[in-house]
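# Structure assessment
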Amino acid sequence: MAALDTHHQKRAKASPFLDSLAIQGAKKASLPEFVEPMLASLLTAPPAGKDWIHEIKFDGYRLQARIEAGRVKLLTRRGLDWTQKFGPKIVTILQALPVETALIDGELVVENSSGVSDFSALQAALSEGQFDRFLFYAFDLLYLDGYDLCDLSLSKRRDMLEHLVGSDAGPLRMSQRFEEEGRLVLQHACRLGLEGIISKRKESVYRSGRGKDWIKSKCSARQEFVIAGYVPSSTSRKAIGSLVLGVYDGDRLDYVGRVGTGFTMAIAEDLFRKLEAMQIDKRPFAKPLASAEARHVRYVHPELVAEIEFSGWTADERLRHASFQGLREDKDAREVVREGSRSLTFTAKPQRRRAVFTHSDRIYWPDEGVTKEGLADYYTEVWRFIAPFIVGRPLALLRCPDGITGPQFFQKHAWKKVYSHLVLVNDPKEKSEPLLALHDLDGLLELVQSAVLEIHPWQSTLTDWERPDRIIMDLDPGEGVPWEMVIAAAEEMRDRLQEVGLAAFVKTSGGKGLHVVSPLKPLATWPMVKTFTKTLADAMAADNPDRFISTSTKSKRQGKIFIDYLRNQRGMTAVAAYSTRARPGASVSVPLDWKELSPNIGPAYFTVENTPIRLAALTGDPWAEFQAAAVALEEPRSTRRRHG
DNA sequence: TACCAGA
DNA sequence: TCTGGTACTATGAAG
DNA sequence: CTTCAT
């Protein structure tokens with residue numbers, strides 16, 4: 001493989017791969033019309049060991065690209081010709097590949113705003129004719145320039161394919177290969193909100209149909225549940241709003257929660273017709289439901305079985321993020337038991353939402369349809385993660401009474417309202433109006449009620465206003481800065497912080513850049529911290545004036561990253577970890593593990609929608625060590641001068 | 001959003 | 001009692 | 001001092 005020619009030759013009449021192919025023993029053959037695709041078997045865990053590579057499981061259309069003398073066909077799983085369906089762009093790019101004949105296996109996808117392939121986005125793009133959104137991820141090469149490659153090993157096929165497709169970020173891409181341990185790759189994929197991974201045996205040959213050389217493992221759990229009741233729709237008189245689900249434990253039927261999404265209106269009506277006829281008076285569950293759980297519920301004979309996809313179990317044994325997938329007519333209700341999967345158990349303490357809202361349907365993010373209630377749900381779910389970053393600190397708040405499209409204003413003083421859970425605090429150094437702080441989830445929910453869409457805390461706490469307990473460096477890319485450069489900047493910042501003995505953590509900003517955050521023991525005062533961060537920012541800019549700038553002058557920022565150290569000053573604030581942003585996309589600032597930094601996670605990758613799913617799938621908090629890693633800041637110069 | 005002035 | 005207008009950071013650096 | 005940036 002090292003012998004492979006490294007430069008592409010457009011329209012080469014002989015393939016640059018032919019010589020090496022002959023050595024590797026591929027068979028001469030004519031180009032087949034179609035090869036039935038190789039399929040993966042579903043297992044609950046990915047395979048372990050060095051014999052496997054792993055790829056992301058795409059959520060799109062599996063297609064075979066057949067290239068013959070510049071004529072391209074896109075063939076479905078069953079061999080149907082769908083070339084015309086996706087517009088000319090992908091076809092043109094495939095035509096331009098430097099080959100005479102080839103058969104490429106891949107998946108056509110549309111990525112949603114989070115950069116994750118999304119089947120519903122694909123269907124929307126198809127129906128609206130948005131051809132420019134289609135991407136083709138190639139992952140296998142079955143035939144090339146007169147040779148059948150199916151009997152070569154996967155590694156060899158992939159090497160050739162990678163060489164052919166290249167690493168451009170255009171609509172034709174290579175499906176990335178991961179060589180790490182399968183368990184870790186799956187964990188990583190789940191954190192990213194992906195559906196799962198496909199693991200492939202390195203030495204395997206290409207064989208049509210489902211075999212054991214390709215294994216798929218998924219992030220979300222999926223299993224059958226007994227339908228024990230329903231709640232009628234609040235909008236339609238002849239449809240269900242949600243299903244009440246249970247599992248058997250011996251003879252006892254246990255309640256596991258409701259599912260209110262995943263069905264179309266037609267299916268909701270069909271279920272209503274079926275279930276209406278099955279109603280019973282007494283509850284089928286062994287234990288009574290809590291009053292909120294039992295609200296509006298109509299019980300039915302527990303006979304029907306539904307397939308449900310869900311992200312995990314809560315600590316009180318309820319389903320998280322359940323979605324209806326269909327009825328399982330072939331399954332007997334009495335066989336349905338809880339299929340325990342410890343890794344998917346979400347161990348957060350369940351938080352009850354107590355605050356009552358006015359106008360809970362008020363839309364804050366119109367494009368995403370995130371309402372006040374949706375925002376309250378979000379903060380309730382992330383409470384235990386966001387709490388350390390916003391509790392007991394003076395806050396500046398970005399309020400958007402009409403949602404993100406209306407007027408916005410920053411506020412740090414109280415407005416005239418009776419607060420039950422927000423705290424008014426007096427700045428010991430200023431005799432101005434009191435500032436705002438909060439201590440519990442109810443306080444946060446009062447902010448939601450007041451249309452607070454961004455939360456910007458101080459870097460010091462109410463216990464010690466004058467000594468900050470963290471530093472935040474905001475890396476803000478100017479126009480035309482590639483994302484890789486921002487990642488490199490964050491890593492350089494980390495290295496420089498570590499050189500002076502500080503810990504460094506990274507989070508997305510939810511806007512354009514990354515934030516590098518260092519926990520401090522609250523010993524150094526504001527002026528020292530400010531001087532330290534300014535020195536750091538200036539040093540980075542001085543060492544690399546073409547990449548960094550440490551002053552905020554907008555016109556000088558073209559193609560550079562602005563290192564904003566000014567947040568590290570008394571009274572200055574920066575957006576909190578897990579705070580939402582008042583921007584299109586309902587993005588959120590999310591703490592990451594350094595290893596997660598990649599082109600796959602952009603600055604606004606995580607949203608109100610997918611962040612709770614990430615946290616549910618997360619087995620370890622990437623910032624778990626944040627508080628423990630706090631060290632005392634010493635001035636860089638004094639460290640040097642210091643002696644034992 | 002929520003307050004308040006003015007109708 | 002209803003309606004409509006409007007409220008709302010601090011700071012540093014550059015010019 | 002004003003303007004512009006976060």
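Residues numbered from 1 in each chain as written. Chains lettered and ligands numbered in written order. Predicted model: local features only at pLDDT ≥ 70, side-chain atom pairs only at ≥ 80, totals over all residues. Heavy atoms only, no water.

Stated formally: UniProt positions are given in the numbering used here, feature names are shortened, and annotations may be inferred rather than shown by experiment.
Chain A is annotated in an unreviewed UniProt entry as DNA ligase (ATP) from Beijerinckia indica subsp. indica. Per UniProt, the comment on chain A under Cofactor (unreviewed entry) is "Mn(2+)".

## Some thoughts on the packing of aromatic side chains
In plain terms, the rule: Any two rings among Phe, Tyr and Trp, with Trp reduced to its six-membered ring, count as a pair given centres within 6.5 Å; such a pair is stacked if its planes are under 30 degrees apart, edge-to-face if over 60, and tilted if neither. Where helices and strands are cited, they refer to DSSP runs of H or I of at least four residues and of E of at least two residues respectively, numbered from the N terminus. Think of it in three bands: residues with accessible area under 20% of the maximum for their type are buried, residues over 50% are exposed, and the middle band is partly exposed, with areas taken using a 1.4 Å probe on protein chains only. Two thresholds decide whether a charge sits over a ring: the Lys NZ or Arg CZ must be within 6 Å of the ring centre and within 35 degrees of the ring normal.
Summed over all chains, the structure comprises 21 aromatic pairs. Taken together, a centroid distance of 6.1 Å and an interplanar angle of 55° make the contact between Tyr-61 and Phe-86 tilted. With Tyr-61 in strand S4 (residues 61–68) and Phe-86 in the loop between strand S5 (71–76) and helix H2 (88–95), the pair connects residues that are 25 residues apart, well separated along the chain. You'll find Tyr-61 and Phe-86 in the same group, each marked buried. Measuring from ring centre to ring centre gives 6.5 Å for Tyr-364 and Trp-365, while their planes differ by 80°; the resulting arrangement is edge-to-face. Just as Tyr-364 is buried, Trp-365 falls in that class too. Members of the aromatic cluster, each reached through a chain of ring pairs, are Tyr-61, Trp-82, Phe-86, Phe-131 and Phe-134. Its guanidinium or amino end placed over the ring of Trp-214, Lys-200 lies 3.9 Å from that ring's centre, counting from NZ or CZ. Sitting over the ring of Trp-594, Arg-494 keeps its end group 4.7 Å from the ring centre.

## Describing the packing of helix H8 (residues 372–390) against helix H9 (residues 441–449)
Applied cut-off: Here, axes are lines fitted to C-alpha atoms. For helices the fit covers the stretch in contact, and angles between N-to-C directions go from 0 to 180 degrees. Note on terminology: angles under 35 degrees are roughly parallel, angles over 145 are roughly antiparallel, angles of 65 to 115 are roughly perpendicular, and the others are oblique. For any pair of crossing helices, the crossing counts as left-handed if the nearer helix is rotated counterclockwise from the farther one by less than a right angle, and right-handed if it is rotated clockwise. Contacts are assigned to residue pairs that have any heavy atoms within 4.5 Å of one another.
The N-to-C vectors of H8 and H9 enclose an angle of 135°; their axes lie 9 Å apart at closest approach. What the angle tells us is that H8 and H9 run oblique. Pair H8 / H9 crosses with right-handed handedness. Contacts from Lys-372, Leu-375, Ala-376, Tyr-379, Thr-380, Trp-383, Ile-386 and Ile-390 of H8 reach H9 at Leu-441, Leu-444, Leu-445, Val-448 and Gln-449.

## What to know about the protein's contact with DNA strand C
Filter applied, for reference: For this description, a residue counts as near a given molecule or strand if any of its non-hydrogen atoms is within 4 Å of it. Any pair of nitrogen or oxygen atoms within 3.5 Å is treated as a polar contact; in protein, a donor-acceptor pairing is required on top of that, and neighbouring residues in sequence qualify only through side-chain atoms on both sides. Basically, the charged four are Asp, Glu, Lys and Arg, the nonpolar ten are Ala, Val, Leu, Ile, Met, Phe, Trp, Tyr, Cys and Pro, and anything else, Gly included, counts as polar.
Taken together, Phe-409, Phe-410, Gln-411, Lys-412, His-413, Thr-551, Thr-553, Tyr-565, Leu-566, Gln-569 and Met-572 make up the full set of residues adjacent to DNA strand C. Put simply, 85% of the atoms of DNA strand C that lie within 4 Å of the protein are in sugar or phosphate. One of the side-chain N or O atoms of Tyr-565 is found 3.1 Å from a phosphate oxygen in DNA strand C. Across the surface near DNA strand C, the residue classes break down as five nonpolar, five polar and one charged.

## Details of the sheet that holds strand S28 (residues 505–508)
To keep things clear, this is the line we draw: Should DSSP find at least two bridges between two strands, the strands are taken to pair.
Strand order across the open sheet formed by six strands is S30-S31-S27-S29-S28-S32, with mixed pairing between neighbours. At either end of the open sheet lies a strand with only one pairing partner, and these are strand S30 (548–549) and strand S32 (591–592). Note: S30 against strand S31 (residues 561–564), two bridges, orientation parallel. Counted as the bridge partner of Ile-549 is Phe-562 from S31.

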